[in-house]
Amino acid sequence: MNMIGFGNIALSMLSVLLGLAFRILFVFAVYYNAESRGSDKTSNYVGFSIFFPVITGIVCLFNQKNFKDKKMLKNSILLFVLSLLMFAGSCLSFSLIDNDRYFDAKGNGYVYAFEVVFYDRDGNTYRYDFDKSGYDALYKNGTDEFLDSNLCYVDTDGMLYYDKEMNIVAKDRTCCVDKNGNVYYPANYVDFNKDGTISYDYKLLHYDALGNAYTYKNIPYFDADGNKYCYSFNSDTLKGSYTNLATGESFDNDYSFVDENGYLVYDSKQEFVKQENAEYSSQYKDSDGKIYYWASSVTWDENGKMHDSYDKVIQ
């Protein structure tokens, strides 16, 4: 927890304590006021002051006559003043609480994480639109143009960078790097401090067939020629596909497989046959008897081992 968090807790506690002191002092002030007038309704005044302090205070203010005990009157006035000071202190403490829990790279504060604005080096702004896509996309300059937030990173200066070629990998739980060793942090999981500095710590990583780590689940796939593919899902057609990042050519997820070495293979003739009662789930064979696995059913661990959909290591 940062210093702002500790400060907010301290101010909240102080506000509550001062508010409690106000109520206690006000009750005693009303009691002494009623007693100084010799009222036979003291208990009524005290009871009302607990639940309706403002109304009771107004009644006491306009009922300033026939005082019989000046000492109690002085005590009453003193307690009224002290209670009002406690009330003012409680309000002041509450007003000083910093409600901004999240910040952007420029130090601007926000109440909710999805309100945080990101900036790129060209002066564009990006933010989430929860009504449209939650945390899945960052929308550019308030338009419908958006970026896949999983591929959005911020550099060490806090500026947004879009990794459309999926070249940035997780170095460890503290940062990500590109091919040149430049450090980045995934926009979805980064926090900015009030001074614009960056806080980041992310433990859940996903791995590709080459052992590279990513902070997002839909890791890139590679074919035997070294071409890279990304997975996407079309919510309109309810179909998934793998797209070659170099050519833009897409392949139907239903007929996309990986061979035993983890390389992506497309069953263009749709002839692969699913093997029932096979040792591993979603296992297929072609006409030559070669074994494949449905691409969307496999994962890899940090050691490059391929797992089936039941997390069983494929030997």
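A brief structural summary.

Quick notes on the rules
Residues numbered from 1 in each chain as written. Predicted model: local features only at pLDDT ≥ 70, side-chain atom pairs only at ≥ 80, totals over all residues. Heavy atoms only, no water. Phe/Tyr/Trp six-rings, centres within 6.5 Å; stacked < 30°, edge-to-face > 60°. Helix = DSSP H or I, 4+ residues; strand = E, 2+ residues; numbered from the N terminus. Buried < 20%, exposed > 50% of the residue type's maximum accessible area, 1.4 Å probe, protein only. Lys NZ or Arg CZ within 6 Å of the ring centre and 35° of its normal.

Before going further, it helps to examine the packing of aromatic side chains. Enumeration over the complete set of coordinates arrives at 21 aromatic pairs. Taken together, a centroid distance of 4.0 Å and an interplanar angle of 25° make the contact between Tyr189 and Tyr202 stacked. Highlighted residues: Tyr189 in the loop between strand S11 (183–186) and strand S12 (191–192) and Tyr202 in the loop between strand S13 (198–199) and strand S14 (206–207), separated in sequence by 13 residues. Under the relative-accessibility criterion, Tyr202 is labelled buried at 14%. Judged by centre distance (5.0 Å) and plane angle (55°), the rings of Phe257 and Phe272 are tilted. Residue Phe257 is located in strand S20 (residues 256–259), and its partner Phe272 is located in the loop between strand S21 (264–266) and strand S22 (273–274); the two are separated by 15 residues in the primary sequence. Taken together, Tyr112, Phe114, Phe118, Tyr128, Phe130, Tyr135 and Phe192 form an aromatic cluster joined through their ring pairs. The side chain of Lys106 reaches across the aromatic face of Tyr119, ending 4.2 Å from its centre. Sitting above the plane of the Tyr139 ring, Lys132 keeps its charged end 4.9 Å from the centroid.

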